[in-house]
Amino acid sequence: MIDLVLKGKAIKLGDNISTDDIIPGRFAHLRSNLPELAKHVLEDAAPEFVSKVRSGDFLVAGKNFGLGSSREHAPVVIKMSGVGAILAKSAARIFFRNAINQGLPVLLCDTDKISNGDELEIDLTGGIINNLTSGVKLGCSKIPPIMSAILKEDGLIPYIQKHKDFKL
Amino acid sequence: MGKTLAEKILGLKSHSEAEAGDIVIADVDWAFVQDTTGPLTIRQFQNSSFAALASPERTIIFLDHAAPSPAQQLSNDHILLRRFAKEMGCRIYEVGDGICHQLIAEKFANPGDIIVGSDSHTVTGGALGAFATGMGSSDVAVALALGKTWFRVPESFFIEFNGVFPRGVYAKDLILYLIGKISADGATYKALEFGGEALAQMTMSQRITIANMAVEAGAKVGLFPSDKITRDFLTEYGRGGNYKPLYPGNGAKYERVIPVNLSQLEPMLSLPHAVDNVRPVTKVKGVTIQQAFIGTCTNGRLEDLAVAAEILKGEKRHPGTRLIIAPASRQVLIRAVEKGYIHSLIEAGATILPPGCAACMGLHQGVLGDGEICISTANRNFQGRMGNPEAMVYLASPATAAASAIRGEITDPREFM
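Here is a short report on the structure shown in this document. (Residues numbered from 1 in each chain as written. Chains lettered and ligands numbered in written order. Predicted model: local features only at pLDDT ≥ 70, side-chain atom pairs only at ≥ 80, totals over all residues. Heavy atoms only, no water.)

**Description of the nonpolar core**
And step 1. Counting 94 residues, the largest nonpolar core has I22, L59, F65, I78 and L87 of chain A as its most contacted members.
And step 2. Of all the elements, helix 5 (residues 137-146) of chain B adds the most residues to this core, at six residues.
And step 3. Within the second largest apolar cluster, 74 residues are counted, among which are I104, V169, A359 and C374 of chain B. (Core = buried A, V, L, I, M, F, W, Y, C linked by side-chain atoms within 4.5 Å. Buried < 20%, exposed > 50% of the residue type's maximum accessible area, 1.4 Å probe, protein only. Helix = DSSP H or I, 4+ residues; strand = E, 2+ residues; numbered from the N terminus.)

Below you can see the structure in the form of structure tokens.
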């Protein structure tokens with residue numbers, strides 16, 4: 001089971017962060033060595049990210065986060081960096097599903113209401129983001145029950161190990 | 001109420017009514033991985049303690065992204081994939097056989113099939129009327145084991161093609177134009193369903209180019225109905241018996257209808273670093289290029305090489321421009337040799353790469369240097385895509401890439417026709 005209340009600091013990114021931005025193809029040779037691969041997360045798009053991120057921080061992006069390649073290594077290395085959840089105005093379909101399958105929450109909300117460095121508290125059960133810095137509370141869009149169930153089990157593989165099948 | 005193509009296929013495969021917005025569990029006809037996502041898929045499969053594949057016959061491994069491998073780690077990934085194929089008894093296509101999506105089209109996809117692959121351009125199979133979609137390694141691992149997966153039935157956009165392509169304008173120009181119009185996230189989670197009177201003249205190779213890029217508008221699938229062209233293609237590739245008619249129902253409900261008049265199109269480009277950053281070639285021409293790349297699952301087929309060879313025959317690449325060409329499959333290469341296209345291309349100064357993904361993803365065979373510009377027939381031009389964040393990629397048709405290789409700058413292909 002994952003933690004249902006998360007607390008951390010916002011790290012802001014822009015629109016259209018592709019999976020090539022998150023983990024470029026030129027590092028394909030490191031994909032079977034995830035700790036090495038994770039050193040390069042967001043290397044081109046946000047060069048300081050790896051040194052600045054602290055466990056529990058939130059990636060707060062604009063629209064269409066994670067567009068492009070289906071490489072599940074993208075949410076894997078984001079999660080390995082310590083990020084507790086991704087907040088975005090919208091997310092690309094495959095990335096969204098991959099992140100949930102890795103037990104990494106993706107919450108779709110109006111991220112313009114969050115500034116870089118804001119302290120956030122997120123209640124995954126109610127889908128409420130409490131911006132402790134600004135005092136603003138944000139709602140986020142609901143995900144299908146099957147995705148909530150997969151997320152609660154910390155990803156698709158633990159979910160399948162437990163249930164042996166999809167449960168609608 | 002008539003059903004969309006997406007609703008029809010998902011309904012049949014989930015044994016339910018399947019209306020847009022529903023969550024269904026559907027049978028998977030073909031599940032595949034490639035060599036950069038396959039190793040994680042296999043590890044996830046093994047982590048789940050699955051002992052066997054639901055259907056080894058319907059599980060396919062493709063070694064195409066690092067082909068041949070440029071690094072020991074990728075060679076070791078290939079070993080892992082070959083060993084898994086042997087142990088599980090599934091199909092495997094080796095280095096040099098071709099790109100997964102091209103081989104899926106040549107050998108496997110049928111109208112009404114469900115295909116999942118751990119590669120975003122799995123949507124290519126929509127050209128044949130298959131509900132084909134890209135997923136991550138975990139989802140494909142579970143599909144390999146269970147022979148099924150869950151889907152949210154997508155809402156559909158109907159894209160209505162009318163008119164005929166003018167001289168020098170191709171399917172690539174059409175899909176770039178369409179993505180520019182829809183935008184890179186305008187069809188997120190949606191199905192693009194193609195139709196209209198122009199389909200009767202649209203070859204399977206053109207349909208493949210269009211379906212292949214549906215994901216660049218965010219779409220889950222890019223579906224063509226099946227027709228005589230589908231049946232002829234299946235017959236040509238030895239599986240005509242798998243043809244079945246597939247078309248949307250009368251009164252199917254579409255979220256958007258987007259008409260496109262082919263007759264009014266012109267050669268198009270996607271400018272760095274976004275696929276939806278689309279302009280006509282006439283507005284961009286003159287940009288100096290250091291590399292032209294013709295190939296990929298988008299534009300590495302025989303028709304594409306024919307167009308390039310016709311323009312390049314008797315010409316020479318510009319001395320400042322490298323011209324690299326990668327056929328999409330072994331069969332494409334063989335036919336291109338037989339027809340003399342490869343001869344013309346080599347004489348024009350092209351470097352022919354083995355069938356596979358080649359330079360598309362930036363891991364080998366044409367990585368760009370700092371500040372270099374490449375015109376490419378691929379489907380993505382994100383920053384860093386071709387192996388260097390300091391380089392720039394313009395997406396274009398094979399004709400535009402070929403004409404540009406001759407002049408050493410972005411060139412309107414109609415100047416060579």
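**Regarding the packing of aromatic side chains**
And step 1. Here the structure, examined in full by the defined rule, presents 13 aromatic pairs over all chains.
And step 2. With 6.4 Å between their ring centres and 85° between their planes, F96 of chain A and Y189 of chain B make a pair best called edge-to-face. Within this pair, whereas F96 of chain A is found in helix 5 (residues 93-101), its partner Y189 of chain B is found in the loop between helix 6 (171-182) and strand 9 (191-195), the two belonging to separate chains.
And step 3. For the ring pair F161 of chain B and F194 of chain B, a centre distance of 5.6 Å and an interplane angle of 10° mean the geometry is stacked. On the criterion of sequence distance, the pair formed by F161 of chain B in strand 8 (residues 156-162) and F194 of chain B in strand 9 is long-range, its members being 33 residues apart.
And step 4. Judged by its relative accessible area of 0%, F161 of chain B is buried.
And step 5. For F194 of chain B, a relative accessible area of 1% translates into the label buried.
And step 6. Aromatic rings pair up to connect W30, F32, F62, Y93 and F108 of chain B into one cluster.
And step 7. Over the ring of W150 of chain B we find R97 of chain A; its NZ or CZ atom is 3.9 Å from the centre of that ring. (Phe/Tyr/Trp six-rings, centres within 6.5 Å; stacked < 30°, edge-to-face > 60°. Lys NZ or Arg CZ within 6 Å of the ring centre and 35° of its normal.)

**Remarks on the pattern of salt bridges**
And step 1. Within this structure, the stated rule accounts for 28 salt bridges over all chains.
And step 2. Residue K148 of chain B pairs with D165 of chain A through a salt bridge whose shortest N-O separation is 3.1 Å. Placement of K148 of chain B in strand 7 (residues 148-152) and of D165 of chain A in the segment after helix 7 (156-163) is noted, with the two residues assigned to different chains.
And step 3. On the basis of relative accessibility, which here comes to 21%, the residue K148 of chain B falls in the partly exposed class.
And step 4. Residue E17 of chain B pairs with K3 of chain B through a salt bridge whose shortest N-O separation is 3.8 Å. With E17 of chain B in the loop between helix 1 (5-14) and strand 1 (23-27) and K3 of chain B in the segment before helix 1, this residue pair connects regions lying 14 residues apart in the sequence.
And step 5. A relative accessible area of 60% places E17 of chain B in the exposed class.
And step 6. If you follow the salt bridges from partner to partner, you end up with R152, E155, K190 and E255 of chain B in one network. (Salt bridge = Lys/Arg side-chain N within 4 Å of Asp/Glu carboxyl O.)

**Things to note about the state of the cysteines**
Here, disulfide denotes a covalent bond that connects the sulfur atoms of two cysteines.
Residue and element names in this part refer to chain B.
And step 1. For the structure on display, the rule yields zero disulfides over all chains.
And step 2. Distance from the sulfur of C357, which forms no disulfide, to the nearest cysteine sulfur (C100) is 6.0 Å.
And step 3. Owing to a relative accessible area of 7%, C357 belongs among the buried residues under this scheme. (Disulfide = S-S within 2.5 Å.)

**Quick look at helix 7 of chain A**
And step 1. Among the residues making up helix 7 of chain A, those that are buried are L156, I157, Y159 and I160 of chain A. For helix 7 of chain A, the angular spread of the buried residues around the axis is 160°, confining them to a single face.
And step 2. The elements touched by buried residues of helix 7 of chain A are helix 5 and helix 6 (145-152) of chain A together with helix 2 (38-47) and helix 5 of chain B. (Arc of directions from axis to C-beta. Contact = heavy atoms within 4.5 Å.)

**Points about the packing of helix 5 of chain A against helix 6 of chain A**
All names here are of chain A.
And step 1. Running from amino to carboxyl end, helix 5 crosses helix 6 at an angle of 40°, the nearest separation of the two axes being 8 Å. Viewed along their axes, helix 5 and helix 6 adopt a mutual orientation that is oblique. Contact residues: helix 5 offers F96, R97, I100 and N101, while helix 6 offers M147, I150 and L151.
And step 2. A per-class count over the contact of helix 5 with helix 6 returns five nonpolar, one polar and one charged. (Axes fitted to C-alpha atoms, helices over the stretch in contact; angles between N-to-C directions. Parallel < 35°, antiparallel > 145°, perpendicular 65-115°, else oblique. Nonpolar A, V, L, I, M, F, W, Y, C, P; charged D, E, K, R; others polar.)

**Brief notes about the interface of chain A and chain B**
Quite often, the size of an interface is put as the accessible area lost when its parts meet.
And step 1. On the side of chain B, 47 residues touch chain A, which itself brings 42 residues to the contact.
And step 2. Here chain A packs against chain B, burying approximately 3800 Å² in sum over the two surfaces, 58% of which is carbon and sulfur.
And step 3. In this assembly, chain A and chain B are joined by three salt bridges.
And step 4. A salt bridge links R97 of chain A to D139 of chain B, with the shortest nitrogen-to-oxygen separation between them at 2.8 Å.
And step 5. Linking chain A with chain B are 21 residue pairs in polar contact (both at pLDDT 80 or more).
And step 6. By residue number, the principal contributor to the side of chain A that touches chain B is helix 5 of chain A, which donates six residues.
And step 7. Of the residues assigned to the side of chain A that touches chain B, the class counts are 16 nonpolar, 14 polar and 12 charged. (Buried area = accessible area lost by both parts, 1.4 Å probe. Polar contact = N/O pair within 3.5 Å; in protein donor to acceptor, adjacent residues only side chain to side chain.)

**Digging into the pairing of strand 5 (residues 114-117) of chain B**
Residue and element names in this part refer to chain B.
And step 1. Every second residue of strand 5 is oriented toward a common face, with I114 and V116 on one face and I115 and G117 on the other, all of them buried.
And step 2. Direction of pairing for strand 5 relative to strand 6 (residues 131-134): parallel, over a ladder of four bridges. Residue G117 lies in a different strand from strand 6, and its bridge partner there is G134. (Pairing = 2+ DSSP bridges.)

**Digging into unusual backbone geometry**
And step 1. In this model, A67 of chain B is joined to P68 of chain B through a cis peptide bond whose omega is -5°.
And step 2. Along the chain, P68 of chain B falls in the loop between strand 3 (59-62) and helix 3 (72-88).
And step 3. Residue P272 of chain B is joined to H273 of chain B through a cis peptide bond whose omega torsion reads -10°.
And step 4. Residue position: H273 of chain B is located in the loop between strand 12 (268-270) and strand 13 (278-280).
And step 5. For N64 of chain A, which is not glycine, the phi torsion reads 55° and is therefore positive.
And step 6. With respect to the helices, strands and loops of the structure, N64 of chain A is situated in the loop between strand 2 (58-60) and helix 4 (73-80).
And step 7. Located in the positive-phi region is S183 of chain B, a residue other than glycine, with phi close to 85°.
And step 8. Take S183 of chain B: it is sitting in the loop between helix 6 and strand 9.

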